[in-house]
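# Residue-level structural notes
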Amino acid sequence: CCPHCGHSLAQYRLMNKVEMQCGEDDDLYLEILTFAIDTGSISASLLQRRFKIGYSRAARFMDTLEANDVIGPADGAKPCKVLFDNMFDFVYSLAVKLVISKQKASTSLIQKELGIDKENAIKIIDRLELHGIIGPANGAKARIVLRHEE
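Source: prediction; values computed, not measured.

### Digging into the overall build of the chain
Helix and strand counts for the chain come out as seven helices and two strands. Mapped from its N terminus to its C terminus, the chain presents α and β elements in the order α-α-β-α-α-β-α-α-α. By the burial criterion, 41% of the 150 residues in the chain qualify as buried. Looking at the chain alone, contacts between residues at least 24 apart form 47% of all its contacts between residues at least 6 apart. Carbon and sulfur atoms make up 52% of the accessible area of the chain, which totals about 8900 Å².

### Notes on helix α7 (residues 118-130)
Taking 1.5 Å of rise per residue, 13 residues should cover 18 Å, and α7 covers 18 Å from first to last C-alpha, within 8% of that figure. Along α7, the positions that sit buried rather than exposed are A121, I124, I125 and L128. Down the axis of α7, the sector holding all buried residues measures 100 degrees, keeping them to one side. Facing away from the buried surface of α7 by more than 90 degrees, the exposed residues are E119 and L130. In this structure, the buried side of α7 is in contact with α5 (87-102) and α6 (107-114). Regarding α7, its N-cap is D117, as a side-chain oxygen of that residue lies 3.3 Å from the backbone nitrogen of E119 further along. A positive backbone phi angle near 75 degrees is found at G132, which sits one or two residues after α7.

### Some thoughts on the nonpolar core
By size, the foremost hydrophobic cluster in this structure holds 43 residues, and its most contacted members are L47, V70, V99, I110 and L128. Taken together, the elements giving at least two residues each to this core come down to α2 (29-39), α3 (44-51), α4 (55-67), α5, α6 and α7. Of the residues forming this core, the biggest block, nine residues, is contributed by α5. For L128, the contacting residues outside a window of four places in its chain are Y92, V96, V99, I110, I133 and I134.

### Focus: unusual backbone geometry
Positive phi values are uncommon outside glycine, yet D69 reaches one of about 60 degrees. Tracing the backbone through its elements, the reader meets D69 in the loop between α4 and β2 (80-81). Residues other than glycine seldom take positive phi values, yet Q103 does so here, at roughly 55 degrees. Tracing the sequence through the fold places Q103 in the loop between α5 and α6. Taking relative accessible area as the criterion, Q103 reaches 32% and is therefore assigned partly exposed.

Cut-offs applied
Residues numbered from 1 in each chain as written. Predicted model: local features only at pLDDT ≥ 70, side-chain atom pairs only at ≥ 80, totals over all residues. Heavy atoms only, no water. Helix = DSSP H or I, 4+ residues; strand = E, 2+ residues; numbered from the N terminus. Buried < 20%, exposed > 50% of the residue type's maximum accessible area, 1.4 Å probe, protein only. Contact = heavy atoms within 4.5 Å. Areas by Shrake-Rupley, 256 points an atom, 1.4 Å probe, with all protein chains shown as cover. Expected span 1.5 Å × (residues − 1). Arc of directions from axis to C-beta. Polar contact = N/O pair within 3.5 Å; in protein donor to acceptor, adjacent residues only side chain to side chain. Core = buried A, V, L, I, M, F, W, Y, C linked by side-chain atoms within 4.5 Å.

Next comes the structure, spelled out in structure tokens:
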């Protein structure tokens with residue numbers, strides 16, 4: 001585990017991949033992403049208080065979270081709802097985007113591109129098949145992607 005943040009090496013690698021996938025280079029983004037998923041709803045004022053940041057930075061984080069489909073749209077003064085129940089669901093959403101953009105799917109591709117372990121990559125492949133995003137296994141070949149970019 002990292003002595004500074006408490007994350008394992010695998011979590012750290014995943015967070016770096018998430019940061020690259022989301023296009024956010026602010027060091028605080030991953031902490032805010034994790035906080036948002038853990039709390040279930042989030043607002044700029046909550047970010048300001050929790051992370052001791054100014055309004056413009058908090059608002060930028062909110063915009064980035066919404067652009068990355070982590071939170072729903074603003075509803076007046078109410079906090080925005082987080083669209084994922086846990087980090088696995090968020091990583092799954094990244095995997096969906098990945099396989100659709102690459103038009104191929106394999107456990108090794110998901111492991112490499114998202115920096116996750118084989119066990120979780122297998123779970124994601126199974127869920128992708130269950131949701132009709134990829135076809136069934138075809139020996140050692142990459143799976144056929146059944147959905148295309150919109």
